[in-house]
Amino acid sequence: MLDKTKGLDTMSSKKLKTLNAEEKLKLAKKYKLKKEDLIAMLRNVYVSRKLDDAEISMKKQSKAFFQISGAGHEGVLTAAAFAMKPKYDWFIPYYRDRALCTGLGVTPYEMLCQANGNIGDTASHGRQMPAHWGNVKLNIVNKSSCTGTQFLQACGVAEAGEYLNSLDATGADVGTDNFKDDEVVYTSCGDGTTSQGEFWEGLTTACVNKLPVLFHVEDNGYAISTPTYIQTPAGSISKAMDEFPGLKVLECDGNCPIESYATFVEAVKHIREKKGPVLVHSHVTRPYSHSLSDDQSMYRTKEELSEEKILDVFNSYPKTLIESGIMTDEEVKALLDEVSKEVRQAMNDAIATEWPKPEDSIKHVFSEDVDISSSEFDTKATLEGKDDIPMAGAINGVLKSEFSKNPLLRMFGEDVADFSQLEKLDNPELSGKGGVFKVTSGVQRASKDGQVFNSALAEANIIGRAIGMAMRGIKPVVEIQFFDYIWTAYMQLKNEMATTRYRSGGDFKCPMVVRVPIGGYLRGGSIYHSQCGESLFTHIPGICVAFPSNAADAAGLLRTAIRADDPVMFLEHKHLYYQGYNRTADVGEDYMIPFGKARVAREGADATIVAWGALVQKSIEAAKKIESELGVNIEILDARTLVPFDMDAVKKSIAKTNRLLICHEETKTSGFAGEISARVNEECFESLDAPILRVAAKDSHVAYCPTSEDYILPQVDDVYNQLKKLLSY
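Criteria and cut-off values
- Residues numbered from 1 in each chain as written.
- Predicted model: local features only at pLDDT ≥ 70, side-chain atom pairs only at ≥ 80, totals over all residues.
- Heavy atoms only, no water.
- Helix = DSSP H or I, 4+ residues; strand = E, 2+ residues; numbered from the N terminus.
- Rg over C-alpha atoms; globule rule 2.2 N^0.38 Å.
- Contact = heavy atoms within 4.5 Å.
- Areas by Shrake-Rupley, 256 points an atom, 1.4 Å probe, with all protein chains shown as cover.
- Lys, Arg positive; Asp, Glu negative; His and termini not counted.
- Charge placed at Lys NZ, Arg CZ, Asp CG, Glu CD.
- Pairing = 2+ DSSP bridges.
- Axes fitted to C-alpha atoms, helices over the stretch in contact; angles between N-to-C directions.
- Salt bridge = Lys/Arg side-chain N within 4 Å of Asp/Glu carboxyl O.
- Buried < 20%, exposed > 50% of the residue type's maximum accessible area, 1.4 Å probe, protein only.
- Core = buried A, V, L, I, M, F, W, Y, C linked by side-chain atoms within 4.5 Å.
- Parallel < 35°, antiparallel > 145°, perpendicular 65-115°, else oblique.
- Left-handed = near helix turned anticlockwise from the far one by under 90°.
- Right-handed = clockwise from strand over helix to strand, strands pointing away.

**Student:** Could you give an account of the overall build of the chain, with specific residues and numbers?
**Tutor:** Per the secondary structure count, the chain includes 24 helices and 22 strands. Its C-alpha radius of gyration of 29 Å places the chain within 12% of the 27 Å reference for a compact globule of 729 residues. By its C-alpha atoms, the chain is 100 × 65 × 45 Å across when sized along the principal axes. In the chain, the share of contacts with a sequence separation of at least 24, taken over all contacts with a separation of at least 6, comes to 80%. On the chain, roughly 28900 Å² of surface is accessible, and the fraction owed to carbon and sulfur atoms is 51%. Placing the 83 positive and 102 negative side-chain charges of the chain at their respective mean positions leaves the two points 1 Å apart.

**Student:** So what's going on with the sheet that holds strand β17 (residues 599-602)? Which residues, and what values?
**Tutor:** Across the sheet, which stays open at both edges, the five strands sit in the order β17-β19-β18-β21-β22 with mixed pairing between neighbours. With partners counted over all chains shown, the strands left at the sheet margins are β17 and β22 (693-697), one partner each. Averaged over all pairs of adjacent strands, the angle between strand axes in this sheet comes to 25°, irrespective of strand direction. Of the pairings in the sheet, the one linking strand β18 (residues 607-611) to strand β21 (residues 660-667) comprises four bridges and is parallel in character. Of the residues in β21, the one forming a bridge with Val610 is Ile662.

**Student:** I'd like a description of the pattern of salt bridges, backed by residues and values.
**Tutor:** Counting across every chain of the model gives 38 salt bridges. As a salt-bridge pair, Lys269 and Glu273 come within 3.0 Å of each other at their nearest N and O atoms. Lys269 gets classed as partly exposed once you look at its relative accessible area, which sits at 42%. Glu402 serves as the salt-bridge partner of Arg563, at 2.9 Å between the closest nitrogen and oxygen. Taken together, the positions of Arg563 in helix α19 (residues 551-563) and Glu402 in helix α14 (residues 391-405) put the pair 161 residues apart, joining distant regions of the chain. Residue classification places Arg563 among the partly exposed residues on the basis of a relative accessible area of 32%.

**Student:** Which residues make up the environment of Cys155, and what values do they have?
**Tutor:** As for its placement among the helices and strands, Cys155 is situated in helix α6 (residues 150-169). You can call Cys155 buried: its relative accessible area is 0%. Separated by 238 residues in the primary sequence, Cys155 and Gly393 place their C-alpha atoms 32 Å from one another. Not counting residues within four places of it along the chain, the set of residues in contact with Cys155 comprises Gly202, Thr205, Ala206, Leu211, Val213 and Arg465.

**Student:** Please set out the environment of Asn681 residue by residue, giving values where relevant.
**Tutor:** For Asn681, the position within the fold is in helix α22 (residues 672-683). Expressed as a C-alpha distance, the spacing of Asn681 and Ala83, which sit 598 residues apart in the sequence, is 61 Å.

**Student:** Before we move on, could you go through the nonpolar core and cite the residues and values that matter?
**Tutor:** If you look at the biggest cluster of nonpolar residues, it comprises 82 residues, and the most contacted ones within it are Ile463, Val514 and Met569. Top contributing element to this core by residue count: α6, with nine residues. Counting 66 residues, the second-largest nonpolar core is a separate cluster that includes Ala80, Ala83, Cys101 and Ala267.

**Student:** Can you lay out the packing of helix α7 (residues 197-208) against helix α15 (residues 459-470) for me, pointing to particular residues and giving the numbers?
**Tutor:** When two helices pack together, their arrangement is given by the angle between the helix axes and the distance between those axes. Contact pair α7 / α15: the axes reach a minimum separation of 10 Å and the direction vectors enclose 70°. Taken together, α7 and α15 sit at an angle that is classed as roughly perpendicular. In this structure, the crossing between α7 and α15 has a hand that is right-handed. When α7 is examined against α15, the residues Glu198, Glu201 and Thr205 are found in contact with a partner set consisting of Ala460, Asn461 and Arg465.

**Student:** So what's going on with the pairing of β22? Which residues, and what values?
**Tutor:** The buried count for β22 comes to four of five residues, which makes it a mostly enclosed element. Strand direction decides the pairing type here: β21 and β22, joined by four bridges, are parallel. Each residue of the ladder has a partner; that of Cys663, found in β22, is Val695. Regarding the hand of the β-α-β motif, the stretch spanning β21, α22 and β22 is right-handed.

Coordinates in, geometry out; function isn't part of it.
Structure follows, in structure tokens:
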């Protein structure tokens with residue numbers, strides 16, 4: 001083991017000192033490893049390897065449908081499991097970490113059930129490929145296939161633990177006892193994933209906040225076929241991280257469980273003593289190809305593979321135990337035979353286990369416990385005072401109210417806090433920032449310490465950390481400052497937030513609210529402050545989408561989003577924040593609106609307009625104009641939420657009007673109006689007396705010049721002209 005934070009010379013795997021059997025035994029005694037511990041480590045190595053072999057056998061029999069192995073990584077992962085505590089610490093392991101999970105308590109049967117996709121799979125209940133670890137009872141967080149998303153989530157898991165501990169110290173009811181004062185959060189990756197930007201974001205976040213996160217980089221020399229030195233400075237992540245502020249860096253021979261155990265004991269000790277995060281860089285082998293879809297003999301020489309065979313823990317560790325007198329040849333063989341028999345039986349049992357019912361495969365997309373569209377969220381507004389509260393003020397009022405009552409809510413994002421320097425909160429001369437649109441102004445003052453804080457200027461950072469917190473019972477209400485810059489967080493939103501409940505079969509969930517200022521009509525917003533793209537989220541199963549047009553609806557829907565149990569994209573149109581026409585009186589501290597319930601903004605009998613966001617008011621103005629000219633009555637439905645969408649309200653309206661115009665600000669091609677049109681065509685075509693028409697932005701980016709912006713974005717006249725065309729059909 002080398003401690004890179006103590007000024008030692010730079011190194012690579014070639015420079016790691018190789019200990020002989022006597023030296024390894026001495027190290028084992030130093031770290032209080034008994035004979036039975038050393039044998040138990042070998043047993044776990046054998047179990048992990050034989051599970052890989054069993055999955056390969058199952059794949060050949062068409063009893064498994066994918067296989068990726070942890071072969072060559074078992075030594076260091078066994079050591080990590082022995083140095084840490086299941087049900088106490090938290091784990092977000094990557095796909096090579098089979099031996100870690102068996103060491104923590106996941107059984108061979110459970111793993112082989114996942115390979116088969118049957119009901120015995122406790123990681124994903126038949127929903128994910130094998131080697132996608134998870135076990136809610138052992139605090140192993142269900143992992144997706146994405147490389148790199150785990151680091152920010154690990155930070156969020158760690159932050160949740162620290163926050164729960166701080167709340168518990170005040171006597172607050174936190175609703176769980178699954179947190180420990182000195183817990184460690186383990187997360188891992190291969191050498192290739194260190195090239196992902198979120199790896200560096202995670203390290204930065206952990207170091208800045210001194211989080212109890214153990215980053216484990218398992219370096220087998222290749223990212224599929226790409227050697228480490230091709231993508232890592234100096235070919236070594238530990239060398240690249242040398243002298244990284246706030247990070248302890250340790251490097252070890254991951255082929256030796258004893259040396260690896262010594263390293264992990266030191267790493268865990270450092271973190272439990274609250275000294276900050278640790279990066280462990282272990283050097284391991286890869287005796288099998290990347291996966292069964294890969295053939296490494298195409299890009300690795302026979303000499304290279306022969307050398308690795310000697311280093312492979314499956315061969316080198318038994319040799320160490322024999323040479324040191326811990327075990328005999330016969331005892332090693334007997335242990336391997338025992339494990340092989342155990343794994344064969346587990347394989348037979350797994351193959352005999354039934355698959356889940358096909359109809360159950362669509363469960364856990366959304367919460368099975370709380371229906372966000374139910375009457376539970378249908379409450380009355382008090383409507384006290386004048387109609388002078390703008391949409392921004394209504395949202396602000398809900399945030400202050402909910403945060404003051406619920407300490408498990410946490411808000412963070414870019415500039416959302418009043419102050420980062422907390423001593424300024426008591427300065428009467430400073431009002432504080434509170435968001436670029438002042439929507440979160442004063443929420444920090446209305447909350448407990450630590451509830452509201454500023455994040456780094458990094459959108460994926462915000463969402464990834466929020467997901468980690470939500471998995472542990474915190475309810476994040478975070479802000480992405482502008483919709484236009486949400487795209488670096490899209491991986492976390494689509495592949496992580498939306499899938500957590502589903503891919504774990506309901507074992508984990510991440511109910512959270514993502515508030516996002518969206519849309520144009522700002523005069524000068526141009527390409528990067530005018531974007532509108534709600535359909536890119538309505539298309540993702542597992543995410544609810546709200547897009548209010550007025551202050552009262554914004555208040556009611558936001559409170560519902562906060563109190564419900566699903567991930568919600570809460571889209572707030574910037575142009576509507578401070579308008580005069582969409583204001584409200586005080587709706588009260590318990591006003592809620594169920595999702596999936598449209599509002600009749602204007603009653604009519606001659607045509608129906610469905611709109612949301614900024615197009616609701618433009619539709620109202622167009623309807624007034626055409627009504628004064630033609631003497632008709634136009635019904636306008638404000639969708640309010642797009643997921644779930646109130647299709648029943650649309651059917652009811654067009655059964656009366658027989659004509660439908662759909663208006664939205666997003667570009668026309670592939671906009672959500674197309675989805676509504678398709679459903680009307682499929683479900684109530686007979687109600688139509690005319691083609692369905694649409695009003696939307698032109699298929700272009702938004703230009704800076706005011707007249708160009710007006711030409712691109714839908715205006716009142718665009719709605720009027722299409723409405724006139726619809727009525728004349």
